Amino acid sequence: MTPPDPAPAPAAPGVTPADAADAARLVAFGLQPKLLPARDAEYAELLRRHRDEPAFARLADAVAAGLGLIVLEVSPRAGMAVTAAEDSVFAVRMGDYARRAATDSADRFLHGLAHLAVAALAFPRPEDLADDGYIGRVTVNGVDAFVRQACRRLEERAEEEGENSDPATGAPGLESAWRVYARRSATGATKDARRLAGSTTGIIGKAVAFLVDSGFLQRTGDDSGGTYRTTARYQLQVRDMAASAAMAELLELGVVPVSDGSATLLPPDESDDLDLVADAGLPFHS
């Protein structure tokens, strides 16, 4: 006797307009980088649904994808951490930021180097970047000292290789960067002792302010030009960029002092700026 066919599995419940609205609401929370799930009960509940309800998670992820967003992580520590794809309406183009921050092409180049250095100093070791509980700490003056130490190492390397003028075509991007940065004043001078916007610490100050506004850093004090700690979202972003050639090259120099960003190096003597070397391979170069 042939056994009866098994009863069909119950159909999955359909997606309701309320589910779609909740999924979109979760993505909207994710687009507010400074909002912490621990401080918003609705956000925390939607994150729970994303974790416990696979159908809801797929719906929220699809909403994000439709908006040109890439979901990096969904968790209580980071919330719904998203980054915008290049063609997304939500993309914040770093080149646009740099053009707003500075009109001079060399300054835009230095803004890119500042962002690269903050990331490298905040997470100097691969294990720091991989550890979800790790909190990086940086200071404006520490980042400046770190880059200047890198400049000195790169200058030594250029001299050893006989590149006493402009680096050869095809030289690593940082090899051409040190000349621009090392010859820029660290602070400049104003009548009321404020740092100049075009000085290297002024540029780093703008970079970290942008990262604070983006929910990537939190300001913790005023010492050493400003002290900052990293957020879970920033760690996810740096993981995403860690494979870049410029990031790897900067870390390979072995000049990361300590993870809190402190250092005691003196800036070099001031001199005239050099022209920006083409094909430097760093952010904000156009």
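The preceding data block contains the structure.
Keep in mind it's a predicted model, so treat the numbers as computed, not measured.

Further remarks concern the nonpolar core. Judged by nonpolar contacts, the single largest core of 38 residues is most densely connected at V118, V143, L217 and Y234. Those elements giving two or more residues to this core turn out to be helix 5 (105-122), helix 7 (140-160), helix 8 (173-182), helix 9 (200-213) and helix 10 (232-241). Ranked by residues supplied to this core, first place goes to helix 5 with 11 residues. Not counting residues up to four positions away in its chain, the partners in contact with Y234 are H115, V118, A119, A122, F123, L211, F216 and L217. In terms of nonpolar packing, the next biggest core, distinct from the first, is built from 14 residues, A23, L46, L69 and V82 among them.

Attention now goes to the layout of surface pockets. Counted as a void, the second largest pocket has a volume near 360 Å³. Contributions of two or more residues to the lining of the second largest pocket are made by strand 4 (217-221), strand 5 (227-230) and helix 10. Ranked by residue count, the leading element in the lining of the second largest pocket is helix 10, at three residues. Of the residues belonging to the lining of the second largest pocket, the class tally is 10 nonpolar, seven polar and six charged.

The subject of this paragraph is the packing of aromatic side chains. Describing an aromatic ring pair means giving the distance of the ring centres and the angle of the ring planes. Per the counting criterion, the structure on display carries four aromatic pairs. For the pair F123 and Y134, a centre-to-centre distance of 5.9 Å together with 55 degrees between the ring planes defines the contact as tilted. Here Y134 lies in the loop between helix 6 (126-130) and strand 3 (137-139) and F123 lies in the loop between helix 5 and helix 6, a separation of 11 residues in the sequence. Exposure remark for F123: the relative accessible area of 2% places this residue in the buried category. Judged by centre distance (5.8 Å) and plane angle (35 degrees), the rings of F216 and Y234 are tilted. Linking F216 in the loop between helix 9 and strand 4 with Y234 in helix 10, this pair joins segments that are 18 residues apart in sequence. With respect to class, F216 is no different from Y234; both count as buried. Through a chain of ring-to-ring contacts, the aromatic side chains of F123, Y134, F216 and Y234 assemble into a single cluster.

This part takes up the pattern of salt bridges. Enumeration according to the criterion identifies 16 salt bridges in this entry. Note that E53 and R48 form a salt bridge whose closest N and O atoms lie 3.8 Å from each other. Here E53 falls in the partly exposed class, since its relative accessible area comes to 27%. Across the pair D132 and R239 runs a salt bridge, and its minimum N-O distance is 2.6 Å. A residue pair is termed long-range when its members are at least 10 positions apart, and D132 in the loop between helix 6 and strand 3 and R239 in helix 10 qualify at 107 residues. Here R239 falls in the partly exposed class, since its relative accessible area comes to 31%. Within the structure, one salt-bridge network assembled from shared partners comprises D19, D22, E45, R48, R49, R51, D52 and E53.

Topologically, T200 is positioned in helix 9. Within the structure, the side chain of T200 is placed 3.0 Å from the side chain of R148, a separation counted as a polar contact. With residues up to four places along the chain from it excluded, the contact list for T200 reads D144, R148, Y181, R184, S185 and A186.

Taken together, the side chains of E155, E156, E159, E160 and E161 present a region of like negative charge at the surface. Along the polypeptide, E160 turns up in helix 7.

Here we come to the sheet that holds strand 4. The strand order 3-5-4 describes an open sheet built from three strands, whose pairing is antiparallel. Because the sheet does not close on itself, it has two edges, and the strands there are strand 3 and strand 4. Each neighbouring strand pair of the sheet contributes to a mean axis angle of 35 degrees, computed without reference to strand direction. For strand 4 and strand 5, the ladder comprises four bridges, and the chain directions are antiparallel. Directly across from L217, in strand 5, lies its bridge partner T230. Across the sheet, helix 7 is in contact with strand 3 and strand 5; its angle to strand 3 comes to roughly 85 degrees. Along the sheet, helix 9 contacts strand 4 and strand 5; its crossing angle with strand 4, the most-contacted strand, is approximately 115 degrees.

Here we come to the pairing of strand 2 (residues 79-84). A regular strand carries its side chains on alternate faces of the sheet. Judged by how many residues are buried, strand 2 sits mostly within the fold: five of six residues are covered. Where strand 1 (residues 69-75) lies against strand 2, six bridges are found, and the strand directions are antiparallel. Within strand 2, the residue paired with S75 across the bridge is G79.

Basis of the calculations
Residues numbered from 1 in each chain as written. Predicted model: local features only at pLDDT ≥ 70, side-chain atom pairs only at ≥ 80, totals over all residues. Heavy atoms only, no water. Core = buried A, V, L, I, M, F, W, Y, C linked by side-chain atoms within 4.5 Å. Buried < 20%, exposed > 50% of the residue type's maximum accessible area, 1.4 Å probe, protein only. Helix = DSSP H or I, 4+ residues; strand = E, 2+ residues; numbered from the N terminus. Contact = heavy atoms within 4.5 Å. 1 Å grid on protein atoms, 1.4 Å probe; cavity = no way out; pocket = protein on both sides within 12 Å on 5 of 7 lines; lining within 4 Å. Points joined across faces, edges and corners; volume = space filled by probe spheres on them. Nonpolar A, V, L, I, M, F, W, Y, C, P; charged D, E, K, R; others polar. Phe/Tyr/Trp six-rings, centres within 6.5 Å; stacked < 30°, edge-to-face > 60°. Salt bridge = Lys/Arg side-chain N within 4 Å of Asp/Glu carboxyl O. Polar contact = N/O pair within 3.5 Å; in protein donor to acceptor, adjacent residues only side chain to side chain. Patch = residues over 30% accessible without salt bridge, like charges linked within 9 Å, V, L, I, M, F, W, Y side chains within 5 Å. Areas by Shrake-Rupley, 256 points an atom, 1.4 Å probe, with all protein chains shown as cover. Lys, Arg positive; Asp, Glu negative; His and termini not counted. Charge placed at Lys NZ, Arg CZ, Asp CG, Glu CD. Pairing = 2+ DSSP bridges. Axes fitted to C-alpha atoms, helices over the stretch in contact; angles between N-to-C directions.

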